[in-house]
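For reference, the chains in residue letters:
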Amino acid sequence: MSARHLSLWTALLLAAPASTLIAQTGTIPPFTCAPSAKAVPVRAEGTTELVADVVISCTGGIPFISDGPPITPTDIQLTFNANVTSRIIGAAGASESLLLLDEPKPGAQFPCDSRTGVCAGIGNGLGTGYYGNGPQTLTAPNNRNMFQGLVNAVTQLTKGSPQTITWPSVPVDPPGQGTRTFRFTNLRLDATSVSSGPLMVSTIRFTTANAPIPLLAANLPIVVAVPQASLVATVRDAASASVASLGVSVPVSLNGATLTRYATLRFAGTFGGADKPRTTAAFINPDVSPAPATQNVPGAAFTSESGFFNPGLGTFGPGGNLGAAGLADAGTRYMAVFSGIPAGFNLYVDLYNSTAASGPTGRLVSTDSNGAGSFVPTIGNGLIAVLPVNGGTAVATWEVLRGGGAADQFDFGVYLAYAAGITTLPPAAGVQMRYAPFPQAASFPLFSGVANTQPLFSFVQPPGVVVAPGALLYSGTAGGRNPASQSLSLVSTVATVPVNFNLISTGSLPIQFQSSSGVTPATIGVTLNTQGMSAGTYRDTITAIAANGSGRTAIPVTLTLNSPPQISSISPPTILVGPTDVTITLNGTNFFPGTVVQWNGTPLSTTFVSLAQLTAQVPASLIAAPNVATVTVVTQDGAQSNSVSVPVGTFTIASINPSTVTAGSPGFNLTITGTGFVSGDGVNVGGSIIQVASVTPTQIVVTIPPNMIAQAGSLPVTVVGPTGLQTNSVNLTVAPLFRLDTISPSEVTATAVSFPLTISGVGFVTGASVKVGSTTLQPASQNGTQITVAVPASLIAGPGSLAVTVTNPGPVVSNALSLTVNPVPGLTGLSPTAGTAGSGAVTLTITGTNLPTGALVQWNRQSLTTTVVSATQITASVPASLMATAGQASITVVTTDSVSSNALTFTVNPAPAITALGPSSASLGGAAFNLTVTGTSLTSGSVVKWNGQNLNTTFVSSTQLTAQVPAGLLASAGNATVGVTTADGVSSNTLRFTINLPPLTGVSVTAPASTSSGQDQNITVTLGVYPVDLVGTVTLTFAGDGGLPDDLAIQFQNQSRVFTFTTPAGTQPAPPQLVVKTGTVAGVITLTTSFTAGGVDVTPPGIVPQRIQVGRAAPSLSSATCTRDTSTITMVIDGFTNTREATQGTFDFQAASGATLGTSELVATVTPLFSAFFGGTSGAGAGGVFRYIQGFTVQGSSTSIASLSVKLGNSAGTSSAVSCRLP
Amino acid sequence: MKTFFCTFVMAAASAAQSNPGAVGGALLGIVFDENAGAIRPLNGIPAAATLGPRLDTGADLEQAAAADGGYALAIEAATGAAVIVSASGRRSLTGVPPGASAIALSPRGSAAAFFFKASRTAYVVTGLPGSAGTPRPVIFDRQPLSLAVSDDGAALLALERNGRTGATILLYRDGKSPAVLHNGRAIAGMAFLPGSADVLIAESDAVRLVSEAFGPQSIAGEGDGIAGVVAAAGSADGDRVIIVMASGQVAIRDRKSNALATVSCACRPTALSRLRGAGVFRLNELWDGPLWLLDTDSPEPRILFVAGGAQ
């Protein structure tokens, strides 16, 4: 330290005790400083509150001169009564708290890191300050006038205590006659670290390397901020009209609820500026993170969360990003922590507060658990966001984007929605409203403390509906009138709150409501329509449903519908005509009291005996004449029973049926017709009482057993009434037994030959005769059951039917049987009439007349297997043996009694043969044409066959057929086999038809005559339309130039040296993309192309091999990389030389900045190196590709070389250079 | 490889030094043959590349990520062990648990992340390939769809599902809470630029660069004919951004001149994997037919096929 320097600080150190002396001498004005601050209100809950700037104004002292020693570094330390929370942005506790020396304007603010010495500047002797290390001119001020304070951090305790900030090594240059101002800004304090009272600076120290300098202790402390409780958070009703200190009631409906706003959360500041946006920017677009607005004016009053910051300062060494100093990460954030949100409920909040856009604006930014989520561009549907609920808890955090300046309030709506089916009232839900407690890592602003949870929602039941009576009972009779109507009364559980309701029935009863909906209180009539219903007990349920979802009430409905009365019997069942009243008794079911008996619709005087019995008095006037009365029973509600007829009349037999039977006949039913018959009547047959099978008033049926008619005779029949009354008697005659059963034969063919007729039956007696037609014949033989007679031919000369009877002496004539005389069969048609020799078995169909069952078809008098289809059609099978040779056959039909029909002729033709085709060939893909087939024995119906496939054929003559050949049969080249097959399947010999391929035109494969190595060379392929699928094949061969070996990398893109493609028939194909890799060896690539169609080579003569000359060329280098260590450099070069040799490498070296090289180029002979590689085993299959590695030793430091490049030469030339930069 | 000794005299040096030179076969890169469960070399140079036979690494491999330096990180099929394989053999990576479900390799191959689905943890290894350090675990908040790692291993990108159709790219760095880099609906991929923490984000119709220094920048979008993006990557020097589209089109944006060049092929790109060179990439996988290469180091960008070689 120089004397000049020492004298100044001696003056400072002694300022207080020597002030009088200095003042008296007037030579050295004292260096005095006065601190001040404009205290601001801050949030008592905040832990990173931006407090007022501290300004120290100093005067006096002796400025450092320009040619003197450097300005002495001084540590300046501020100590507060609260913990310092200014953010650390750099190393070693470098914070955002800044010292602005002499109030620099924005364009003149330069950061200073005095620890590196850059600020240990020199003065100018004027006290106007100069603290930088560069040239200082009036037009280019270069002051380094911005210093970072070091703060105590948990992990970075470098200077002072948690309540201090230290600006180290500040070049304090006394101002002399002027004023030096020290502004300390971006001072953030933890307001919660002070139990009460203001936030203050308690001490300020200036410290040099020698000793601390207490400064202006007399003025301290000074107040920098006054903490105030800043947030009042309340739950309000949905409209935010009033505070809901007990929360908001939420009626829970069974029907569920759509999105509904139920409550409002209000965050209100208690003083202006308690809510702060991130910056003072007027930018309000909520979906884009607001850009920070520069706040780089020293001493400005900042109303945002951000303090002084100047983004132009940028990153400054270990000090960190000074451009972000003072910049808050977010504006004030309000947080709502919801608890007790029931399962099944969706919770929503407003994205914006109610005054957004026109006033203070808050915006939902996070739904995570600590509110520190980054700014969320979009949430929800644009206005409302759904909150994720986890275990009943949800969190919403809103950020203040714009404050109003005054004590603002922010209202955010809270919404719920839930699905139907909530049956149990959930417990109450609450909300905790507070500032969002940012974690330390999220920077500013930070808050502490947890607010109490306030009631938010209480879930209540909506009013319900009470229904009376609790059940409805209906009764009646099936078929009767409807039961009487009944009523339901419906009232609300809360009399003052009407409830809308609906009535429904869910069962099968036809319930009709007077009205199916209404509002309580109400009375609703309920009727049942029982028409058409059967008896039984029915149950149904009426459900009253409260429209508000509070619940539903079930009213059981029971309908008992009795069966209608049923009459099972009436006694007596009949009534005889008479002059006095008759009492009848009705038996049955469902005779309920009040039912009435009706006689032909006239009510009778009825007496109830039981549910199963009634009696009624029939007046004499109703039975004065015979009639049939209809009796019914009718219930009180009009249901009517079945009807029963009661005859009124007399008692006689009019007739019996049959009146005669044959002795020995089986038992039979005897029907007795008369009047006055009743149940209980008996029938007396020949003195025996027979059980009656059925009885009606006019008819009785009895069953006569066989034993009663075993003998011929006469049996008297009478009917006996229950009272013993008998009718008149009628005789049943039993005749003796005599009967014909069969005759044989029963049919004959009309002919001139007589035949024997055998008659079978019973009761034949000696002396009996036979009558055939009108001719009586005497038996040739006879016993009691059979007679044989000879029938003369004259009786069967013509067709007809003859009655045959037997006459016993008496004469007694038997029953008659019929003898049928059939006509002689006649043939009229034969199908087919001809066949082909060798065709195999044939079935003949013969038509004619009088073709009898059992007849046989004969082929030249040889019987065939025959089927008689009908009297006009018969079929027969001709075996293959009879069709083996050509000729003719006589076809007849013979009856079972050997009568033969007329004859028809069947012809067997010879087999076909073909001798020529016209034309005998066609072009592949040609058009359809007619084919003429010439031969012998060609018949109508014969078909020309093409490879076994039938062609559409026309018969011209027995020596010629024509057939249509479709174009589709000309799609394949080669030969086709043509033959003829007759209609009955006999095939001729075959002839060959030839299909020729058309010439292939319009195709080409073109390659350049020459190219270079290391290319993917496109080959041009042109294709035309061809009528059949065409397969192209391009084959690649390579011949190395001057004995150079093959290069296996020369391939098509299908990784082969053969490329095949197919073009479909009849279409213009897209040419295939064909690429050939030219490899890395000089030589000739030859492409040979061929085309085949259907396996036939159709390569046109113009398609010639394409030769691509790949000439010898200089090497090509594709990449180079460099590495180095202390004294060596290694270069790795990849490339190829298509001559498979190299001669020399030329290396150029570029010097690093500030270095010089004596020689910048070196040349290496590499011929042996490359010869060894390409001539050896490892290089045999490498084509011309190589990797060349070259090392260099550098005398001195290798860092003197920045980059190097290389060229490589071979017998054809020198490559372009490639270079690499050393790392 | 044959060696040759040549002598150079550096003018700045007073003594001559002899250094061995050598010429051998060129290795363009390696590729994972999924069907064979093995690594295969791509021999040659971009203009004349051939596919070599599988490298016998002593064990079948389940998955692998190939670096342009001629090695790959892989998972053994039988043991699940993480290994580093090259033409010279196979060795284990100490400290990486077995059974990784995915591997993410940094652009220059100097760092990698082995991801374990069950624990939602990635183990980041740096110093590859020769000086692998102790793996550093990074635990993700949610199950990522894919990962990317920077060359220094300090930064990780995680693509996470966001709702039914959206996705978010998160940056995990320095042990801090993840930062949201991007929200989108059709994110095709993400990648760090070589040697940088700058991030390329590829969407279906746009590619952006999120720069540490300058924030988000548009590289190319719909107006540039970008559609159906498959992947994007930066050249080794970071001067070019390569954008590969499913149509076979490849766009190359020169960040210095802002010129946009395009090249196309009759192929179907599915990948963008680095090979030796500043801007040489493999465009598809072995299972998808012949391999196709993008060579942007040539005077004009071009797409070349790989000739078949030994199996």
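Note that this is a predicted model, so its numbers are computed, not measured.

**Overview of the overall build of chain A**
In step 1: Counting its secondary structure elements, chain A contains three helices and 97 strands.
In step 2: Looking at chain A as a whole, 46% of its 1223 residues are labelled buried.
In step 3: Look at the contacts in chain A between residues 6 or more apart in sequence, and 68% of them connect residues 24 or more apart.
In step 4: Only carbon and sulfur atoms are counted for the fraction: they give 55% of the accessible area of chain A, which is about 52100 Å².

**Quick word on the overall build of chain B**
In step 1: Within chain B, the secondary structure is distributed over zero helices and 29 strands.
In step 2: In chain B, the proportion of contacts linking residues at least 24 apart, taken out of those at least 6 apart, comes to 34%.

**Observations regarding the interface of chain A and chain B**
Accessible area lost upon the coming together of the parts serves often as the stated size of an interface.
In step 1: Each side of the interface is counted separately: chain A has 48 residues, and chain B has 42 residues.
In step 2: Where chain A abuts chain B, roughly 3800 Å² becomes buried across the two surfaces, and 63% of that area is made up of carbon and sulfur atoms.
In step 3: Along the contact surface separating chain A from chain B lie one salt bridge.
In step 4: Notably, a salt bridge pairs A:Asp1134 with B:Arg276, separated by 2.5 Å at the nearest N-O pair.
In step 5: One can count 11 residue pairs in polar contact (both at pLDDT 80 or more) joining chain A with chain B.
In step 6: Residue assignment for the side of chain A that touches chain B shows that the elements contributing at least two residues are strand S86 (1074-1077), strand S90 (1116-1124), strand S91 (1128-1136), strand S92 (1144-1151), strand S93 (1161-1165), helix H3 (1167-1175) and strand S94 (1185-1193) of chain A.
In step 7: In terms of residue count, S94(A) provides more of the side of chain A that touches chain B than any other element does, nine residues in total.
In step 8: Taken together, the residues of the side of chain A that touches chain B sort by class into 24 nonpolar, 20 polar and four charged.

**Examining the state of the cysteines**
In step 1: Taken as a whole, this structure holds three disulfides over all chains when the rule is applied.
In step 2: At a sulfur-sulfur separation of 1.9 Å, the disulfide partner of A:Cys33 is A:Cys58. On the sign convention where negative means left-handed, the S-S torsion of about 115° between A:Cys33 and A:Cys58 marks this disulfide as right-handed. You can see A:Cys33 sitting in strand S1 (residues 32-37) and its partner A:Cys58 sitting in strand S4 (residues 54-60), a full 25 residues away along the chain.
In step 3: Residue A:Cys58 is classed as buried on the basis of its relative accessible area, which comes to 0%.
In step 4: A disulfide bridge connects B:Cys265 with B:Cys267, and the sulfur atoms are separated by 1.8 Å. Its S-S torsion of approximately -60° makes the covalent link between B:Cys265 and B:Cys267 left-handed. Pair check on accessibility: B:Cys265 and B:Cys267 agree, each one buried.

**Points about the confidence of the model for chain B**
Residue and element names in this part refer to chain B.
In step 1: When pLDDT is averaged across chain B, the result is 86; 92% of the residues are at 70 or more.
In step 2: With pLDDT under 50 throughout, residues 1-18 is counted as low confidence; its partners more than four residues away or in other chains account for 58 contacts.
In step 3: Scoring of the predicted complex yields 0.45 for pTM and 0.89 for ipTM.

**Quick word on the packing of aromatic side chains**
In step 1: A complete count under the given rule lists 31 aromatic pairs over all chains for this structure.
In step 2: For the ring pair A:Phe267 and A:Phe412, a centre distance of 6.2 Å and an interplane angle of 65° mean the geometry is edge-to-face. Of this pair, A:Phe267 sits in strand S17 (residues 257-269) while A:Phe412 is found in strand S23 (residues 409-418), placing the two residues 145 residues apart along the sequence.
In step 3: The buried category is assigned to A:Phe267, whose relative accessible area is 0%.
In step 4: One aromatic cluster is present, built from ring pairs that chain together A:Phe1147, A:Phe1149, A:Phe1170, A:Phe1173, A:Phe1174, A:Phe1186, A:Tyr1188 and A:Phe1192.
In step 5: Cation over ring: A:Arg43 sits above A:Tyr435, and NZ or CZ is 5.8 Å from the ring centre.
In step 6: A cation over an aromatic ring shows up here: A:Lys1077 above the ring of B:Phe305, its NZ or CZ 4.4 Å from the ring centre.

**Concerning the pattern of salt bridges**
In step 1: By the definition in use, this model includes 26 salt bridges over all chains.
In step 2: Its salt-bridge partner being A:Arg1057, residue A:Asp1046 comes within 2.8 Å of it at the nearest N-O pair. Of this pair, A:Asp1046 sits in the loop between strand S84 (1030-1040) and strand S85 (1058-1063) while A:Arg1057 sits in the loop between S84 and S85; the two residues are 11 residues apart in sequence, bridging distant segments of the chain.
In step 3: A relative accessible area of 33% places A:Asp1046 in the partly exposed class.
In step 4: Among the salt bridges present, the one from B:Glu285 reaches B:Arg282, with a minimum N-O distance of 2.9 Å.
In step 5: Linked by salt bridges that have partners in common, A:Arg43, A:Glu49 and A:Glu305 make up one network.

**Concerning the sheet that holds strand S34 (residues 552-562) of chain A**
All names here are of chain A.
In step 1: Strand order in the open sheet formed by five strands is S27-S34-S33-S29-S31, and the pairing between neighbours is mixed. The outermost strands of the open sheet, each flanked by one partner alone, are strand S27 (472-477) and strand S31 (517-519). Taken over all neighbouring pairs, the strand axes of this sheet differ in orientation by 20° on average, direction set aside.
In step 2: As paired elements, S27 and S34 share six bridges and run parallel to each other. The partner of Leu473 across the bridge, within S34, is Thr558.

**So, the side chain of A:Thr749**
In step 1: Examined against the element boundaries, A:Thr749 turns out to sit in strand S54 (residues 747-749).
In step 2: In this structure A:Thr749 touches A:Asn822, A:Pro823, A:Val824, A:Thr895, A:Asp897 and A:Val899, once residues within four positions along its chain are discounted.

**Digging into the sheet that holds strand S81 (residues 1004-1006) of chain A**
Residue and element names in this part refer to chain A.
In step 1: Spatially, the three strands line up as an open sheet ordered S81-S83-S86, and their pairing is antiparallel. Among the strands making up the open sheet, the edge pair consists of S81 and S86. When strand polarity is set aside, the average angle formed by the axes of neighbouring strands in this sheet is 25°.
In step 2: With four bridges connecting them, strand S83 (residues 1016-1022) and S86 associate as antiparallel partners. Looking across to S86, one finds that Asp1016 is bridged to Lys1077.

**A closer look at unusual backbone geometry**
Leaving glycine aside, a negative phi is the common case for residues, and trans is the common case for peptide bonds.
Residues and elements named next belong to chain A.
In step 1: Cis geometry marks the peptide bond from Ala468 to Pro469; its omega dihedral reads -5°.
In step 2: Note that the residue after Ser831, namely Pro832, is joined by a cis bond; omega there is -5°.
In step 3: Turning to its location among the elements, Pro832 is positioned in the loop between strand S63 (826-831) and strand S64 (834-836).
In step 4: Unusually for a residue other than glycine, Asn947 sits at a positive phi of about 55°.
In step 5: Residue placement: Asn947 occurs in the loop between strand S75 (943-946) and strand S76 (949-950).

**Re the side chain of A:Thr788**
Residues and elements named next belong to chain A.
In step 1: Among the secondary structure elements, Thr788 is positioned in strand S59 (residues 786-791).
In step 2: Using a relative accessible area of 18% as the deciding quantity, one classes Thr788 as buried.
In step 3: Ignoring sequence-local partners within four residues, the contact set of Thr788 consists of Leu757, Thr758, Pro779, Ala780 and Ser781.

**A look at the environment of A:Ile584**
All names here are of chain A.
In step 1: Along the polypeptide, Ile584 turns up in strand S37 (residues 582-589).
In step 2: With 32 residues separating them along the chain, Ile584 and Ala616 place their C-alpha atoms 5.5 Å apart.
In step 3: Once you skip the residues sitting within four places of it in the chain, Ile584 turns out to touch Ile570, Ser571, Pro572, Ile575, Trp599, Leu604, Leu614, Thr615, Ala616 and Val618.

**Looking at the confidence of the model for chain A**
In step 1: Here chain A averages 85 in pLDDT, while 91% of its residues score no lower than 70.
In step 2: Here residues 211-217 of chain A is modelled with pLDDT under 50, and outside its nearest four sequence neighbours on either side it reaches 20 contacts, counting other chains as well.

**A word on H3(A)**
In step 1: Buried within H3(A) we find A:Leu1169, A:Phe1170, A:Phe1173 and A:Phe1174. Take H3(A) and look down its axis: the buried residues cluster within an arc of 115°, on one side only.

**So, the pairing of strand S71 (residues 904-909) of chain A**
Residue and element names in this part refer to chain A.
In step 1: Burial of the side chains of S71 is restricted to one face: Leu904, Phe906 and Val908 are buried, whereas none of Thr905, Thr907 and Asn909 on the reverse face is.
In step 2: Bridge count between S64 and S71: three bridges; the pairing is parallel. Bridge pairing in S71 places Gly835 opposite Val908.
In step 3: Inspection of the sheet shows strand S70 (residues 887-894) paired to S71 by five bridges, in the antiparallel sense. Bridge pairing links Gln888 to Thr907 in S71.

**As for the environment of A:Phe1059**
All names here are of chain A.
In step 1: Inspection of the secondary structure puts Phe1059 in strand S85.
In step 2: Separated by 15 residues in sequence, Phe1059 and Leu1074 place their C-alpha atoms 8.1 Å apart.
In step 3: Setting aside chain neighbours within four positions, we find Phe1059 in contact with Gly1032, Thr1033, Val1034, Phe1052, Gln1053, Asn1054, Pro1072, Gln1073 and Leu1074.

Parameters and conventions
- Per chain, the residues get numbers from 1 upward, laid out in the order the sequence is written.
- Chains carry letters and ligands carry numbers; both start at the beginning, A for chains and 1 for ligands, and go up in the order they are written.
- Local features are withheld for residues below a pLDDT of 70 in this predicted model, meaning they are given only at 70 or higher, and side-chain atom pairs are given and counted only at 80 or more; totals for whole chains, interfaces and linings count all residues.
- Hydrogens and water are ignored here; the side-chain numbers use all heavy atoms of the structure.
- Only DSSP runs of H or I covering at least 4 residues are called helices, and only runs of E covering at least 2 are called strands; the numbering of each starts at the N terminus.
- When a residue's accessible area, from a 1.4 Å probe over protein chains only, is under 20% of the maximum for its type it is buried; when over 50% it is exposed; and in between it is partly exposed.
- Note on contacts: a residue pair is in contact if any heavy atoms of the two residues lie within 4.5 Å.
- A 1.4 Å probe and the Shrake-Rupley method give the accessible areas. Residues count as covered only by the protein chains that appear here.
- Buried area: the accessible surface (1.4 Å probe) lost by two parts on joining, summed over both.
- Throughout this description, the term salt bridge denotes a Lys or Arg side-chain nitrogen within 4 Å of a carboxyl oxygen of Asp or Glu.
- Distance and chemistry together define a polar contact, namely a pair of N or O atoms within 3.5 Å, with one atom able to donate a hydrogen and the other to accept it when in protein, and with adjacent residues in sequence counting only for side-chain atoms on both sides.
- For this classification, Asp, Glu, Lys and Arg are treated as charged, while Ala, Val, Leu, Ile, Met, Phe, Trp, Tyr, Cys and Pro are nonpolar and the rest, including Gly, are polar.
- For this text, the term disulfide refers to a pair of cysteine sulfurs within 2.5 Å.
- Confidence scores here are pLDDT values: one per residue, from the predictor, ranging 0 to 100.
- Put simply, two rings from Phe, Tyr or Trp (the six-membered ring, in Trp's case) pair if the centres are within 6.5 Å, and we call them stacked under 30 degrees between planes, edge-to-face over 60, tilted for the rest.
- Charge-over-ring placement is defined geometrically: NZ (Lys) or CZ (Arg) within 6 Å of the ring centre, and within 35 degrees of the ring normal.
- Two strands pair if DSSP finds at least two bridges between them.
- As a rule, the C-alpha atoms of each element are fitted with a line to give its axis, helices using only the stretch in contact, and angles between N-to-C directions run from 0 to 180 degrees.
- The directions from the helix axis to the C-beta atoms are what the arc is built from.

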